[in-house]
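A closer look at the structure
So you can see what is in the structure, the chains are spelled out below.
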Amino acid sequence: MSATAPDLRPLTGEPLALDLLNTRWVREGAVQDLLRDTDGLAVWLAANGLDGRFAADAATLRHTLRARDALKAAVDGPTDTTGVDTVLGHGRIRPTLTAEGPGERAEFRDDAWGPGWLAARNYLELLSAAPDRIRGCAHEDCVLHFFDTSRNGTRRWCSMAACGNRAKASRHYARAKDA
């Protein structure tokens, strides 16, 4: 697999923090992991426009996996903040002044922490914007997460075409079986 290889994940395009969580998914009952090696990291970096900024090497993979684990713990149990806080300790936002006006630039002690740090920072932004819109798919076999941007905030599935239809089909089968 190379950086130009297709991204085979079933759900992409979510905010960076949730997109990092979605590098692990279930297909046909087996857990898949895009970040099993540096080639998969290269695909994820490219999918998020980070490939020109960070290397897809072993150190970046190791730190990105630590960030993913920390985000998973925070999303699953919001009282576990130590992991995300530890990841955030590896970088900072530096205010800048450019020709276009005020700005910000992320700085890292070690660039290998960059992708994971940016994902952790994005998680803070999501929490500030709408913490109740950070969701896990309602299908019991799905491990994907999404940011609910629906107007009324009632989205339940990572994808209506996949998990939503499976749930509907399962309910229909159960009703037909009982009849």
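Up top is the structure these notes are about.
Since the structure is predicted, the reported quantities are computational estimates derived from the model, not experimental observations. (Residues numbered from 1 in each chain as written. Predicted model: local features only at pLDDT ≥ 70, side-chain atom pairs only at ≥ 80, totals over all residues. Heavy atoms only, no water.)

**Some details on the packing of aromatic side chains**
- Going through the model one piece at a time under the given rule, you end up with two aromatic pairs.
- Pairing Phe54 with Phe108 gives two aromatic rings, centres 5.8 Å apart and planes at 65°, and the pair type is edge-to-face. One end of the pair, Phe54, is in the loop between α2 (38-47) and α3 (58-76); the other, Phe108, is in strand β4 (residues 101-108), and 54 residues separate them in sequence.
- Ring centres 5.4 Å apart and planes at 75° place the aromatic pair Phe108 and Trp117 in the edge-to-face group.
- The positively charged end of Arg155 is found above the aromatic ring belonging to Phe146, 4.0 Å away from the centroid. (Phe/Tyr/Trp six-rings, centres within 6.5 Å; stacked < 30°, edge-to-face > 60°. Helix = DSSP H or I, 4+ residues; strand = E, 2+ residues; numbered from the N terminus. Lys NZ or Arg CZ within 6 Å of the ring centre and 35° of its normal.)

**A short note on the pattern of salt bridges**
- Considering all chains together, one arrives at 11 salt bridges under this definition.
- For Asp19, the salt bridge is made with Arg9, and the minimal N-O distance between the two is 3.1 Å. In this pair, Asp19 sits in helix α1 (residues 16-21) while Arg9 sits in the segment before α1, placing the two residues 10 residues apart along the sequence.
- Exposure remark for Asp19: the relative accessible area of 2% places this residue in the buried category.
- Judged by its relative accessible area of 6%, Arg9 falls in the buried class.
- Asp33 is the partner of Arg68 in a salt bridge, and the nearest nitrogen-oxygen pair spans 2.8 Å. Placement of the pair is Arg68 in helix α3 and Asp33 in strand β2 (residues 30-33), with a sequence separation of 35 residues.
- Classification of Asp33 as partly exposed rests on a relative accessible area of 21%. (Salt bridge = Lys/Arg side-chain N within 4 Å of Asp/Glu carboxyl O. Buried < 20%, exposed > 50% of the residue type's maximum accessible area, 1.4 Å probe, protein only.)

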